[in-house]
Amino acid sequence: MTTLSSPHSLCFFKTTTVNKTHLPQTQNPVKITSPPHLLDKISARNTFSWNNLIQTHLTNKNPHNALSIYHQMLLLGVPPDNHTLPRVLTASRCSGNLNFGKQVHAHVFKLGFSSDLYVISALIDFYGRLESVDSAKCVFDKSVNSGFNSVSWTMLARLYMMQNKPGLAVELFHRMVELGAEVDHVALATAIGACGVLKSMQEGRKVHGVARKCGLEFDVLVSNSLLKMYIDCDSIEDARAIFVKMPSKDVISWTEMIGACVKNGAFNDGLKLLRQMVKDGIKPDSLSFSSVLPACARMAAHKLGKEIHGYLLRNGIDFNIMVQNAIMDMYVKSGFIQYASNIFAGMKERDVISWTVMIFGYTSHGQGEVGLSLFREMEKDLSSEIDQFTYATVLHACSTACMVEEGWFYFNRIKAPKVTHCTLMVTILVRAGLFDEARIFIEGHRIGRHPEVLRALLDGCRIHKEVKIGKRVVEQLCEMEPLNAENYVVLSNWYADSAKWDMVDKLRETIRDMGLKPRKAYSWVEFRNKIHVFGTGDVSHPRSEGIYWELECLLKKLEDEGHRPNPDFSLHDVDEERESIQIGHSEMLALSFGLISTQAGATVRVTKNLRMCRSCHEFSKSVSKIVGQEIIIKDQSYFHHFKDGCCSCGDFW
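Residues numbered from 1 in each chain as written. Predicted model: local features only at pLDDT ≥ 70, side-chain atom pairs only at ≥ 80, totals over all residues. Heavy atoms only, no water.

Q: Please clarify how the packing of helix 10 (residues 185-198) against helix 11 (residues 201-213) should be interpreted in this entry.
A: How two helices pack is summed up by the angle between their axes together with the distance between the axes. Contact pair helix 10 / helix 11: the axes reach a minimum separation of 9 Å and the direction vectors enclose 165°. Taken together, the axes of helix 10 and helix 11 are roughly antiparallel relative to one another. Seen along the crossing, helix 10 lies across helix 11 with a hand that is left-handed. Of the residues in helix 11, those touching helix 10 at L188, A191, I192 and C195 are E203, G204, V207, V210 and A211. (Axes fitted to C-alpha atoms, helices over the stretch in contact; angles between N-to-C directions. Helix = DSSP H or I, 4+ residues; strand = E, 2+ residues; numbered from the N terminus. Parallel < 35°, antiparallel > 145°, perpendicular 65-115°, else oblique. Left-handed = near helix turned anticlockwise from the far one by under 90°. Contact = heavy atoms within 4.5 Å.)

Q: Can you help me understand helix 28 (residues 485-497) in this one?
A: Because an α-helix completes one turn every 3.6 residues, residues spaced three or four positions apart along the sequence face the same direction. Between its first and last C-alpha atoms helix 28 spans 19 Å; for 13 residues at 1.5 Å apiece the expected length is 18 Å, and the two agree. Looking at helix 28, one finds that the buried residues are A485, E486, N487, Y488, V489, V490, L491, S492, N493, W494, Y495 and A496. Those residues of helix 28 that are buried are in contact with helix 26 (451-464), helix 27 (467-480) and helix 29 (501-513). With a side-chain oxygen positioned 3.1 Å from the backbone nitrogen of E486, the residue opening helix 28 is N484. (Expected span 1.5 Å × (residues − 1). Buried < 20%, exposed > 50% of the residue type's maximum accessible area, 1.4 Å probe, protein only. Polar contact = N/O pair within 3.5 Å; in protein donor to acceptor, adjacent residues only side chain to side chain.)

Q: Honestly, the pattern of salt bridges in this entry has me stumped. Any pointers?
A: It is possible for side chains bearing opposite charge to pair when their charged atoms get close. Counted under the stated rule, the structure contains 21 salt bridges. Across the pair D459 and R611 runs a salt bridge, and its minimum N-O distance is 3.0 Å. Of this pair, D459 sits in helix 26 while R611 is found in the loop between strand 3 (604-608) and helix 32 (614-627), placing the two residues 152 residues apart along the sequence. Looking at R611, the relative accessible area reads 6%, which means it is buried. (Salt bridge = Lys/Arg side-chain N within 4 Å of Asp/Glu carboxyl O.)

Q: Sorry if this is basic, but what is going on with the pairing of strand 5 (residues 639-643) here?
A: Note on strand geometry: in a regular strand, side chains alternate between the two faces of the sheet. Judged by how many residues are buried, strand 5 sits mostly within the fold: four of five residues are covered. Bridge count for strand 4 (residues 631-634) against strand 5 is four bridges, and the pairing is antiparallel. Looking at the pairing, I631 lines up with F642 of strand 5. As consecutive antiparallel partners, strand 4 and strand 5 are separated by four residues. Looking at chain direction, strand 5 and strand 6 (residues 646-647) are connected through two bridges and run antiparallel. Directly across from K643, in strand 6, lies its bridge partner C646. Following strand 5, the chain reverses through two residues before pairing antiparallel with strand 6; D644 in that reversal takes a positive phi of roughly 55°. (Pairing = 2+ DSSP bridges.)

Q: Is there a simple way to explain the environment of K165 in this structure?
A: Among the structural elements, K165 can be located in the loop between helix 8 (150-162) and helix 9 (166-178). Of the residues examined, K165 reaches a relative accessible area of 38% and is grouped as partly exposed. With 195 residues separating them in the primary sequence, K165 and F360 have C-alpha atoms 36 Å apart.

Q: I'm lost on the packing of helix 18 (residues 321-333) against helix 19 (residues 337-345) in this one. Help?
A: One way to put it is that helix 18 packs onto helix 19 with a least axis distance of 7 Å and a crossing angle of 160°. The orientation of helix 18 with respect to helix 19, classified from their angle, is roughly antiparallel. The chirality of how helix 18 crosses helix 19 is left-handed. In contact with Q324, I327, M328, Y331 and V332 of helix 18, helix 19 contributes I337, Y339, A340, I343 and F344. Tallied by class, residues from the contact of helix 18 with helix 19 come to nine nonpolar, one polar and no charged. (Nonpolar A, V, L, I, M, F, W, Y, C, P; charged D, E, K, R; others polar.)

Q: It is not clear to me how a nonpolar patch on the surface should be interpreted in this structure. Could you clarify?
A: Nonpolar side chains collect at one region of the surface, where Y522, I531 and V533 lie side by side and expose about 270 Å² of accessible area between them. Residue position: Y522 is located in strand 1 (residues 522-527). Taking the relative accessible area as the measure of exposure, Y522 reaches 39% and is therefore partly exposed. (Patch = residues over 30% accessible without salt bridge, like charges linked within 9 Å, V, L, I, M, F, W, Y side chains within 5 Å. Areas by Shrake-Rupley, 256 points an atom, 1.4 Å probe, with all protein chains shown as cover.)

Q: Looking at this structure, how should I read the sheet that holds strand 1?
A: Sheet strands line up and pair through hydrogen bonds in the backbone, either parallel or antiparallel. The six strands are arranged 2-1-3-4-5-6 in an open sheet whose pairing can be described as mixed. With partners counted over all chains shown, the strands left at the sheet margins are strand 2 (530-535) and strand 6, one partner each. Strand direction decides the pairing type here: strand 3 and strand 4, joined by four bridges, are parallel. Across the sheet, residue T607 finds its bridge partner in strand 4, namely K634.

Following this line, the structure appears as structure tokens:
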């Protein structure tokens, strides 16, 4: 039996009648799994039964069998119809059999289906996925009826999207509108999605206008697409306006809006939306919870995170790997590393995100060695592919644990290290006091003009009190980032430590004249579902008298035991704290409030927006020993677990 020759051009086909000597053959003939007696029974019936059999094989993901059934169908003289051919083209696409599909294309012409919309759409999809979008467009352009049918236009637009050509998809949509083609909700959703990928508000508003004219603006699919497009274009207000006007919302609508609020830092708004969603009778799914859980990834919101975790367990929500990763991340970032560890240990399957979240968790809580040990275990799991983010997390673990050799080993395994990886390698070296090696590394990789690299170097100077090197680094930062107030603050504190008050005054004048505003230090603690915020020297809290009294009593006890405050602010990056009394620092006020408000023995959890100074760090260590309570203070660098007079960071932060 010979196969029908398929011309290279898509636009020219012979018009001979299909017969048994011109049947398409599969490249790899397969045995038909349908019982012979079944084929005998349906051979004399109409095409409908054969179509169902082909569809059954497609549904069962057996495209080769579907092609063989089509072959048998033709051998028995059963005529294909406009439902058969699209299914066979789909089977050709799924099996990757371009030649077979081209022969079926010839059958389309011979059997007179070249104008059928379903068949044309299947051909466009087939050529677009297996050959090229240009081939698909050739089929589209030669089709008689496709010009006014939205399915063909939309199919071609989706192919452009798959080829990462959203601009062409938008152009195609506008052309479709100009030619007066039918615009349906799927065509609009595809075009709106392309605008979102382009991040083009201008194009997005144009398509939005078309949706409004067609009366489809509040079709759920279109509205959801508009929501996502405006969110992708960073226009939360436009997205919110669409969301509020939607007459009916599904779980996708709510999830998109919740995710947008959380990503933009509007955590409370995201949590309120989740509550309203449940109140309106829409059951959140696993993606809804994965979107809202980052809002609870803060120490002040850990109770809400636990409540959501409990809701998931009670209501049988799909506890898939995405949800488990989100819960782990929430516990890590809200200060409950052991809870995160329990989730991780109970996971039946893990992906690279699972491992990375847990390695990062141990590292950020001062357990770099444990994080590194976990990575070695990950390397044995062949199902998890190690990516650049994971290597960055591993280097972070090496820096926390001061493991230089391991840091070099893993850095050298990165094929194309980025500035992030180089910065972490600098951090590893300077935390170990290897400043000469760090200098050679920076020069060798030519990364000395990157501010993040210089800040890593500055952190090492702060830890090892290398004030001279630190001063040079800060001066470089001031040159590179003249509008960053924190650089001038660090330099000012350096001069103050050297009693060069004229330079301190000069730098303050520079900051004022340039209109720069150094960040203010704030700390907060959660108590009875309320967040209590403290600034430096704050006396506005209703319980201020008790807060300061508690601190003075603790300070007196420490002085009696020989403890003296550490006044070193030489390379500190907070302006106001140097001139404030120690017990007036924001984290000390929050800590004191936590101590007088919680039961004896309970863990006190404080969050600070900036770095802890040395004096407060030493004070917190001593207090944890006196009161016999664990104190967790999260600053911008680490979770500091103070217990029995020690800190989990090992005094490296």
